[in-house]
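What follows is each chain in one-letter form.
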Amino acid sequence: MIIMNRLLPTKVSCPCCGWEGRVFADYIEIGYQVGNAECPRCNSHPRHRMLFHWLKSALASGVFQKKGIALVFAPEKCLLSLWMGIPGLKVVRVDREAARDVDLLMDIQHLPLASDCIDFIWCHHVLEHVPYDKAAIRELHRVLRPRTGELMVSVPMFPRPVTREYGFADPTESGHWRAYGDDFVDRLAEARFHVKQMAFSLTKAERDSYGIGEEQVFLCTKASNDQGPGV
Ligand SMILES: [Zn+2]
């Protein structure tokens, strides 16, 4: 990979850090390997590059003018500089382990926060890591501010109609508790979220150049006076 990147013409580039080369590095886990995935300079993965591109474009175009409090779960290092540049948002970085540089240690399944007080929630590739994702989704719904609050959420999804639950954190799949199918959207809707799939304005050439595949991301909102199920 190193020799290819030195000798062959540039084909891909990382929007997060500016690295350019022939191909991204393979991402190697215990049970699987993904080719053309990881930026050798900043370790970004395809979803990070897509979200970086979205966040940067949204900031540049002025669309992203949120004010208030944002919860950023499992904060991605390569996006932090963008987050910190949003003047109207108090960005609270959250994780359940202290390994990342975070502001609060919290369990997404039991958020120690008042209801209806969070203006923006960023939650990507987190729900597959917790045993009770439905409890976590209910908590996200509970704390989100009605009407104006937004949750942007994604999980690794597979081409199957129904989510497959493992019943344990599978060490050969990065500790995932389940493999989500198309019914992920139903899980969001069950918690009374209004769900919309996001459209990303990336051309095929941009996707190829950034090494981005097809990742589904959902934008969820909550109606006013909606306390959610079971409350
Ligand atoms: Zn990079």
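Residues numbered from 1 in each chain as written. Predicted model: local features only at pLDDT ≥ 70, side-chain atom pairs only at ≥ 80, totals over all residues. Heavy atoms only, no water.

Draft legend 1. Structural view of the pairing of strand β4 (residues 33-38). Pairing between strand β3 (residues 25-28) and β4: 3 bridges, direction antiparallel. Each bridged residue has a counterpart across the sheet, and for I28 the counterpart in β4 is Q33. Taking the residues between adjacent antiparallel strands as the criterion, β3 and β4 are bridged by 4 residues. (Pairing = 2+ DSSP bridges. Helix = DSSP H or I, 4+ residues; strand = E, 2+ residues; numbered from the N terminus.)

Draft legend 2. Quick look at the packing of aromatic side chains. In this structure the tally under the stated criterion is 8 aromatic pairs. Of the aromatic side chains, those joined through ring pairs into one cluster are W54, W83, F120 and W122. Directly above the aromatic system of F24 lies the positively charged group of R49, at a separation of 3.7 Å from the ring centroid. (Phe/Tyr/Trp six-rings, centres within 6.5 Å; stacked < 30°, edge-to-face > 60°. Lys NZ or Arg CZ within 6 Å of the ring centre and 35° of its normal.)

Draft legend 3. Quick look at the coordination of the zinc ion. The coordination sphere of the zinc ion contains the protein donors C14 (SG), C17 (SG), C39 (SG) and C42 (SG), at a distance range of 2.3 Å. Angles of 101 to 115° at the metal separate the 4 donor atoms of the zinc ion, which places the site in the tetrahedral class. If you list the donors of the zinc ion from N- to C-terminus, the spacing comes out as C-x2-C-x21-C-x2-C. On the criterion of sequence distance, the pair formed by C14 in the loop between β1 (12-13) and β2 (20-21) and C42 in the loop between β4 and α2 (46-61) is long-range, its members being 28 residues apart. On the basis of relative accessible area, C42 is assigned to the partly exposed category, the value being 23%. (Donors = N, O, S within 2.8 Å, 3.2 Å for Na, K, Ca; no water. Tetrahedral: all angles 85-135°; square planar, octahedral: opposite > 155°, others 65-115°. Buried < 20%, exposed > 50% of the residue type's maximum accessible area, 1.4 Å probe, protein only.)

Draft legend 4. Up close: the nonpolar core. Core analysis: the largest hydrophobic core is formed by 32 residues, its most contacted members being W54, F64, W83, W122, M152 and F200. Going through the elements one at a time, α2, β5 (68-73), α3 (80-84), β6 (89-95) and β8 (120-124) are the ones with two or more residues in this core. Per element, the largest residue contribution to this core is 6 residues, and it comes from α2. Listed in part, the 29 residues of the second largest apolar core include C123, V130, L151 and A191. (Core = buried A, V, L, I, M, F, W, Y, C linked by side-chain atoms within 4.5 Å.)

Draft legend 5. Just the sheet that holds β8, in detail. An order of β7-β6-β5-β8-β9-β13-β12 is seen for the 7 strands of this open sheet, with the pairing classed as mixed. Each edge of the open sheet carries a strand with a single partner, namely β7 (104-105) and β12 (194-197). Relative to β6, β5 is paired through 6 bridges, and the arrangement is parallel. When the bridges of β6 are listed, L71 appears paired with V92.

Draft legend 6. How the structure looks around the confidence of the model for the protein. With 93% of its residues at a pLDDT of 70 or more, the protein has an overall mean of 89. The least confident element of the protein, judged by mean pLDDT, is helix α1 (residues 2-7) at 61; the most confident is helix α4 (residues 133-143) at 98. (pLDDT = per-residue confidence, 0-100.)

Draft legend 7. Layout of the pairing of strand β11 (residues 176-179). Two strands pair when backbone bridges link them, and strand β10 (residues 164-170) and β11 are joined in this way by 3 bridges, in the antiparallel orientation. Along β11, the bridge assignment pairs D170 with H176. Taken together, β10 and the strand that follows it, β11, pair antiparallel across an intervening segment of 5 residues, in which S174 is found at a positive phi of about 55°.

Draft legend 8. Geometry of the side chain of D133. On the secondary structure map, D133 appears in helix α4. A residue is classified by how much of its surface remains accessible, and D133, at 3% relative accessible area, is buried. Looking at D133, its side chain comes within polar contact range of the side chain of R187, at 2.9 Å. Excluding residues within four positions of it along the chain, D133 makes contact with L127, E165, R178, Y180 and R187. (Polar contact = N/O pair within 3.5 Å; in protein donor to acceptor, adjacent residues only side chain to side chain. Contact = heavy atoms within 4.5 Å.)

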